[in-house]
Structure formats: structure tokens, C-alpha cells
Amino acid sequence: MQTTRSIAETTALMRRLLVVAGVLVTIIGLPLYFVPQNSEEYFSWSVQALSATFLGGAYLAAAVIEFGAARERIWANARVAVPAVLLFTTLTLLVTLGNIDRYHFRSPGLVQSVGTWAWLAIYVVVPPIMAIVLVVQKRKGGGDPDRTQPISTGLRLILLVGGSLLLIGGIILLIEPGAASWMWPWQLTSLTGRAFGAWMVGFGTAMVHIAWEADWRRVRPATIGAGVLGVLQIIALLRYAGVPDWGAPQTWAYVVVLVGFVVLGVSGLRSGRV
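Model, not experiment: these values are computed from the prediction.

### A few points about the overall build of the protein
For the protein, the count of helices and strands is 9 helices and 0 strands. Going from N to C terminus, the protein has its helices and strands arranged as α-α-α-α-α-α-α-α-α. Against the 2.2 N^0.38 benchmark of 19 Å for 274 residues, the protein shows a C-alpha radius of gyration of 19 Å, consistent with a compact globule. Along the first, second and third principal axes, the C-alpha atoms of the protein reach 60 × 40 × 30 Å. Counting contacts in the protein only where the partners sit at least 6 residues apart, residues at least 24 apart contribute 81% of the total. Here the protein contributes 20 positive and 12 negative side-chain charges, whose respective centroids are spaced 9 Å apart.

### As for the pattern of salt bridges
Considering all chains together, one arrives at 5 salt bridges under this definition. Where D144 meets R218, a salt bridge forms, and the shortest distance between an N and an O atom there is 3.8 Å. Of the two residues, D144 sits in the loop between helix 4 (110-139) and helix 5 (153-175) while R218 sits in the loop between helix 7 (190-213) and helix 8 (220-239), which places them 74 residues apart along the sequence. Using a relative accessible area of 3% as the deciding quantity, one classes R218 as buried.

### Focus: the environment of S107
Structurally, S107 is set in the loop between helix 3 (81-98) and helix 4. The class of S107 is buried, set by a relative accessible area of 16%. Separated by 30 residues in the primary sequence, S107 and N77 have C-alpha atoms spaced 43 Å apart.

### Section: unusual backbone geometry
Working note: non-glycine residues mostly have negative phi, and peptide bonds are mostly trans. Its identity is not glycine, yet A214 carries a phi of approximately 60 degrees, on the positive side. Among the residues examined, A214 registers a relative accessible area of 7% and is labelled buried.

Conventions adopted
Residues numbered from 1 in each chain as written. Predicted model: local features only at pLDDT ≥ 70, side-chain atom pairs only at ≥ 80, totals over all residues. Heavy atoms only, no water. Helix = DSSP H or I, 4+ residues; strand = E, 2+ residues; numbered from the N terminus. Rg over C-alpha atoms; globule rule 2.2 N^0.38 Å. Contact = heavy atoms within 4.5 Å. Lys, Arg positive; Asp, Glu negative; His and termini not counted. Charge placed at Lys NZ, Arg CZ, Asp CG, Glu CD. Salt bridge = Lys/Arg side-chain N within 4 Å of Asp/Glu carboxyl O. Buried < 20%, exposed > 50% of the residue type's maximum accessible area, 1.4 Å probe, protein only.

Next up, the structure:
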């Protein structure tokens, strides 16, 4: 039975911030995913085509999560997007500052140079603003609606274990990107490895958050985003099928993870409807 307590609503400020964040990651993600072979002409650092496609797919999946969360009037149904985004943007800022010499700030190409400075500005500005908006959201008060579409205990355990493994793997890549030689299906530079590590931490956080919320309706934006991520990355693998080492176990582990994301997305679509 639904209780009579006041239900916390998503503030207009939080919804606008999520929309802005969604627009920004869409702008970054579209060219990376669809024209990755030309990323040297516009992106902030040198990255090979399959890696560019991975980054583009991750940004587009994040856009789906952020736009989806921005539509939710009830805070419990929107908040799954925020911790993961806040952690990812903070880590990406640290990666950028720690590898500043690898970025194209002094590129002779206008688009590349301006884009690199815009990249830095976005990651300097977004984390503190999101943290402030989150504090404002929390101070609004109110409670959560009752869980009406619970996620099974078994699936929550799988999400918790899978999310924790992504978190651990992401932290390893952030600290020692050379670990990509045995963790990742294709060769990565140190900067790209750390960037991938930030994404792994972000998506791992989202998976753990889904397990914690334990309700399909509350995590709908994240499950749909996970499905989009899986589909886009599978297409990327097919597009550049000659790049990964298909004889390596990490390649097939990567495929299993992507298929798992697709299944999660389909499950979220089927189970998270109002």
C-alpha cells in the first residue's frame, strides 16, 4: 500500500542540469561513434578508430541515461543517473589534468584546439555544479514512493557482483593503464586506458546503484542506457572485427558483458513500465 508521506520531486534545477549534460555528451559522442576514423581532426587526444567508437558509444549511452532521468518528476526515479555521472566527470577531470600534455590544446586545427579547451571547461565546471545541485536536491526533503516493481534478489546479486568487478577493473586502469594489455580486447594507449577506466567506474557505479534501488521503475533510465551501450558496442565490434584478439579470453569476457547490458536493457523496458 502506498504511504501518505510527501514524495520527493526532482527539482527543476536538477532536471535542467541533466538535460544540459545530455546535450554535451551527445555532441561529444555522435562524431566519435559515427566518424571515428577522423577523430584525429576534432577530438581532444589521439585515439584509434575502435577506441573512438567505444568512447562515442559510451557517451551516447550516458546521454540516454541523462535525458531519461531528466524526464522523471519523482526524484527516486531519476537519481540513478547522478552518482555515476558525478563520479565519472570527476575522474575524467583528474585524468585530463594528470595527462594534460597529451591533449591537443596547441593544435593548429581550430576545431581540434577549440574542442580540447571546451572539453577541459566542461569537466572543470560540471562536477562542482552537479555536486551543488545534488545538495540542493537533497535539502528539498521528501521521501521515496513504495517499491512496486521489485528486482529479484538473484538479479540484484548479479548486478552487485558485476558492478563491483567493473569498479575494480576501472580503478586498476586508472592507476595502471598498462593493465589493459591483459584486461582489454585491443591495444590501448595509457591515456585512453585511463579514460576507459573512468567509464568502467561510472557504469559499475550505475550497476551497483540499480541493485541498491531494487525496483525496475526507479532505475528505468539506467537500464535503458545499459541496453543502448551494449547494442552500440556490439555494433562497434562487428564494424572493426579485425582489431580485437578473438583468441584472448578477455575478448569473450567483454562480449559477455555487452550481451549482459543488452539483456538488462530489455528487462528494464519490459519490467519498468508504469
